[in-house]
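The primary structure of each chain is shown beneath.
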Amino acid sequence: MSGEDREIRNAGLKVTHPRVRILQLLEQSDHKHMMADEVYRTLADAGEDVGIATVYRVLTQFEAVGLVEKHAFDDGAAHYEINRGDHHDHMVCMVTGEVTEFRSDEIERIQRKIAADAGYELIGHSLVLYVRPVEKKIA
Ligand SMILES: [Zn+2]
């Protein structure tokens, strides 16, 4: 049994070919944050006969059982990534669509302080920076 088979079974889902292929793809892609249509196209390019509706359904199931995280960035379509259980924030390039992960202990600390100052305990947050490449000046 492959690692993916085990992860799918441990999440309480039946092991099916589309589920295994989609999980493998999300785990192995150098592209960590994929949109459903990218998943679909990548599988199609690899000769897999998995329909777009199946891709959406499997991603929704994976999200429901905690195997993947879904991010609704303002650039349009939802992005999916393997849930590694680590916390990180994202920046999204509005020109290229590239998604970059970052983590700042300083930002984490300031957010906890802002919540505490308002009488709350911080239990989570999501932070997305929308960016564009800096234009290079011609000397
Ligand atoms: Zn991420």
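Our subject is the structure that appears above.
Structural notes, computed from the coordinates. Since we're looking at a predicted model, the values are computed, not measured.

What follows deals with the nonpolar core. Counting residues in hydrophobic clusters, the biggest one holds 21 residues, and the most contacted among them are Ile22, Leu26, Val39, Val55 and Phe62. Taken together, the elements giving at least two residues each to this core come down to helix H2 (17-28), helix H3 (36-45), helix H4 (52-64) and strand S3 (79-82). With 5 residues, the top contributor of residues to this core is H2. If sequence neighbours within four positions are ignored, Ile22 has contacts with Val39, Leu43, Val55, Val58, Leu59 and Phe62.

Compared with the 18 Å implied by 1.5 Å per residue over 13 residues, the 18 Å span of H4 between its first and last C-alpha is a close match. Residues Thr54, Val55, Val58, Leu59 and Phe62 constitute the buried set of H4. Looking straight down H4, one finds its buried side chains confined to an arc of 130°; they lie on one side. For H4, the exposed residues set more than 90 degrees away from the buried face come down to Ala53 and Ala64.

The next subject is the packing of H3 against H4. At a minimum axis distance of 9 Å, the contact between H3 and H4 shows a crossing angle of 125°. As the angle between them shows, H3 and H4 are arranged oblique. Seen along the crossing, H3 lies across H4 with a hand that is right-handed. Side by side, H3 and H4 meet where Ala36, Asp37, Val39, Tyr40 and Leu43 of the first sit next to Ile52, Val55, Tyr56 and Leu59 of the second. Considered class by class, the residues forming the contact of H3 with H4 number 8 nonpolar, no polar and 1 charged.

The next point concerns the coordination of the zinc ion. In the first shell of the zinc ion, the protein supplies His33 (NE2), Glu81 (OE), Glu81 (OE), His88 (NE2), His90 (NE2) and Glu101 (OE), at 2.1 to 2.6 Å from the metal. Coordination at the zinc ion comes from 6 donor atoms whose angles at the metal span 54 to 164°, giving a geometry best classed as irregular. Ordering the donors of the zinc ion by residue number gives the pattern H-x47-E-x6-H-x1-H-x10-E. Taken together, the residues span a long stretch of sequence, with His33 in the loop between H2 and strand S1 (34-35) and His88 in the loop between S3 and strand S4 (89-93) at a distance of 55 residues.

It is worth spelling out the sheet that holds strand S5 (residues 99-102) at this point. The strands that make up a sheet are held in pairs by hydrogen bonds between backbone atoms, and each pair lies either parallel or antiparallel. Spatially, 3 strands are ordered S5-S4-S6 in an open sheet, and the strand pairing comes out mixed. Looking at the sheet topology across the chains shown, the edges are occupied by S5 and strand S6 (128-131). Averaged over all pairs of adjacent strands, the angle between strand axes in this sheet comes to 25°, irrespective of strand direction. Note: S4 against S5, 4 bridges, orientation antiparallel. Bridge pairing in S5 places His90 opposite Glu101.

Spatial ordering of the open sheet is given by S1-S3-S2, a layout of 3 strands whose pairing is antiparallel. Strands at the two margins of the open sheet, each flanked by one partner only, are S1 and strand S2 (68-71). Bridge count for S2 against S3 is 4 bridges, and the pairing is antiparallel. Its bridge partner being in S3, Glu69 is matched across the sheet by Glu81. Packing of H2 onto the sheet brings it into contact with S1, S2 and S3, and relative to S3 it is tilted by some 85°.

Conventions we followed
Residues numbered from 1 in each chain as written. Predicted model: local features only at pLDDT ≥ 70, side-chain atom pairs only at ≥ 80, totals over all residues. Heavy atoms only, no water. Core = buried A, V, L, I, M, F, W, Y, C linked by side-chain atoms within 4.5 Å. Buried < 20%, exposed > 50% of the residue type's maximum accessible area, 1.4 Å probe, protein only. Helix = DSSP H or I, 4+ residues; strand = E, 2+ residues; numbered from the N terminus. Contact = heavy atoms within 4.5 Å. Expected span 1.5 Å × (residues − 1). Arc of directions from axis to C-beta. Axes fitted to C-alpha atoms, helices over the stretch in contact; angles between N-to-C directions. Parallel < 35°, antiparallel > 145°, perpendicular 65-115°, else oblique. Left-handed = near helix turned anticlockwise from the far one by under 90°. Nonpolar A, V, L, I, M, F, W, Y, C, P; charged D, E, K, R; others polar. Donors = N, O, S within 2.8 Å, 3.2 Å for Na, K, Ca; no water. Tetrahedral: all angles 85-135°; square planar, octahedral: opposite > 155°, others 65-115°. Pairing = 2+ DSSP bridges.

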